[in-house]
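Commentary on secondary and tertiary structure
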Amino acid sequence: MNIHIIDTGFFKLDGGAMFGVVPKSLWNKQNPADEKNLCSWAMRCLLIEDGEKLILIDTGMGDKQDAKFFGHYDLHGDATLISSIQKKGFAPGDITDVLLTHLHFDHVGGAVRFQDQARLVPTFPNATYWSNEAHWEWAVNPNPREKASFLKENILPLQESGQLKFIQDNVSPFGSMDFLYVNGHTEQMMLPVITYKDQKIIYVADLLPSSFHIPLPWIMSYDMRPLQTMDEKQALLQDAADGNHILIFEHDPIYEAAIVEQTEKGIRIKERGKLSDFIRS
């Protein structure tokens, strides 16, 4: 097995929304805001070579929306989904599976592209796209608060193409990967738990968008059920501390991964850096 970080660029979101009830005097020390109160965030995906499988986890925001849409998020950075995959020596046609943790636009936008500026098609023509039925129904029939995060052009073409499948009864189609389902951020978000040699690597998606969000009260205002998020964070972090598991952060603008430990103040970062710093050869 080989595990690759796939960078797809950065975008900006309101710092208050990203840190919820935490005062700006605290969170601004971690990820300083600009004059509009916006902070930069990564859109970090994962590519896993596992036998004959080449599995992509999440797809970033993509590039098919109009300038007005992207103007809200100030996309920046040189990396793109396709260029980063190509730098690892692969082409879009090589991807066998795309695992979507959830269907918010900054996670699924790159899954679909325009063909001849008219027809929307899956970006990865030979891939099976994986979601779960409960989250899919939540996304295609969204509540008013979350509706702006679920864009039909990112989602429906996957089903129309025939390339979409649902993971049933939490039975993973991948021998090296299981899933942890969480419901605080959105309904039935799937966190991949990857077994690599004798290590567990957890891609924590939006349960822990960055290493700055490790303290339990540091919860996004975007979460549908923040108290449930806090319980889910506590359980995951305790397991990660006990097992010395590696956490991969999708949105941390600086740090790809971390390990955590129990302290007198609760579970905190023990070490953070690049994923390669933690994976044993």
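Residue indices follow the written sequence of each chain, beginning from 1 at its first position. With the structure being a predicted model, the display of local features is reserved for residues of pLDDT at least 70 and the display and counting of side-chain atom pairs for 80 or more, all residues being used for whole-chain, interface and lining totals. As a rule here, side-chain values come from all non-hydrogen atoms in the structure, and water together with hydrogens is ignored.

Take serine 172: it is sitting in the loop between strand S8 (164–166) and strand S9 (177–182). Throughout this description, a polar contact denotes any pair of N or O atoms lying within 3.5 Å of each other; where both atoms belong to protein, one of them has to be capable of donating a hydrogen while the other can accept it, and for residues adjacent in sequence the pair is counted only when both atoms sit in side chains. Separated by 3.0 Å, the side chain of serine 172 and the backbone oxygen of phenylalanine 174 make a polar contact. For serine 172, the side chain forms a polar contact with the main-chain oxygen of methionine 177, separated by 2.5 Å. When neighbours within four sequence positions are excluded, serine 172 is seen to be in contact with Met177, Asp178 and Phe179. A helix here means a DSSP run of H or I that spans at least four residues, while a strand means a run of E at least two residues long, and both kinds are numbered starting from the N terminus. Contacts are assigned to residue pairs with any non-hydrogen atoms lying within 4.5 Å of each other.

Both the distance between ring centres and the angle between the ring planes are used here to describe each pair of aromatic rings. Here a Phe, Tyr or Trp ring, Trp counted by its six-membered ring, pairs with any other such ring whose centre lies within 6.5 Å, and the pair is stacked when the planes are under 30 degrees apart, edge-to-face when over 60, and tilted otherwise. Within the structure shown, the criterion is met by 10 aromatic pairs. Pairing phenylalanine 69 with phenylalanine 70 gives two aromatic rings, centres 5.5 Å apart and planes at 80°, and the pair type is edge-to-face. Seen in terms of ring centroids, phenylalanine 69 and tyrosine 73 are 5.3 Å apart; in terms of plane orientation they differ by 55°. Their pairing is tilted. Pair check on accessibility: phenylalanine 69 and tyrosine 73 agree, each one buried. By the ring-pair criterion, three or more aromatic residues cluster together here, those being Phe19, Trp27, Trp41, Phe212 and Trp218. Buried residues are those whose accessible area, probed at 1.4 Å on protein chains only, stays under 20% of the maximum for their type, while exposed residues exceed 50% and partly exposed ones sit between those limits.

Here we take up the pairing of strand S6 (residues 119–122). For two strands to be treated as a pair, DSSP must find no fewer than two bridges joining them. As defined by bridge partners, strand S5 (residues 112–115) adjoins S6 across 4 bridges and the pair is classed as antiparallel. In the sheet register, phenylalanine 114 faces S6, and the bridge partner there is leucine 120. Connecting S5 to the next strand, S6, in antiparallel fashion are 3 residues, including aspartate 116 with a positive phi near 60°.

Turning to the environment of glycine 77, a few remarks are in order. Mapped onto the fold, glycine 77 is located in the loop between helix H3 (67–71) and helix H4 (81–87). Taking relative accessible area as the criterion, glycine 77 reaches 52% and is therefore assigned exposed. For glycine 77 and glycine 20, which are 57 residues apart along the polypeptide, the C-alpha to C-alpha distance reads 26 Å.

Next up on the list: the sheet that holds strand S4 (residues 97–99). Taken together, the 6 strands give an open sheet; going across it, the order is S1-S2-S3-S4-S7-S8, and neighbouring strands pair in mixed fashion. The open sheet has two free edges, formed respectively by strand S1 (2–14) and S8, since each of these has just one partner strand. Across this sheet, the average inter-strand angle for adjacent strands is 25°, counted without regard to direction. Of the pairings in the sheet, the one linking S4 to strand S7 (residues 128–131) comprises 3 bridges and is parallel in character. Paired with valine 98 across the two strands is tyrosine 129, which belongs to S7. What counts as an axis is a line fitted to C-alpha atoms, over the stretch in contact for a helix, and the angles between N-to-C directions run from 0 to 180 degrees.

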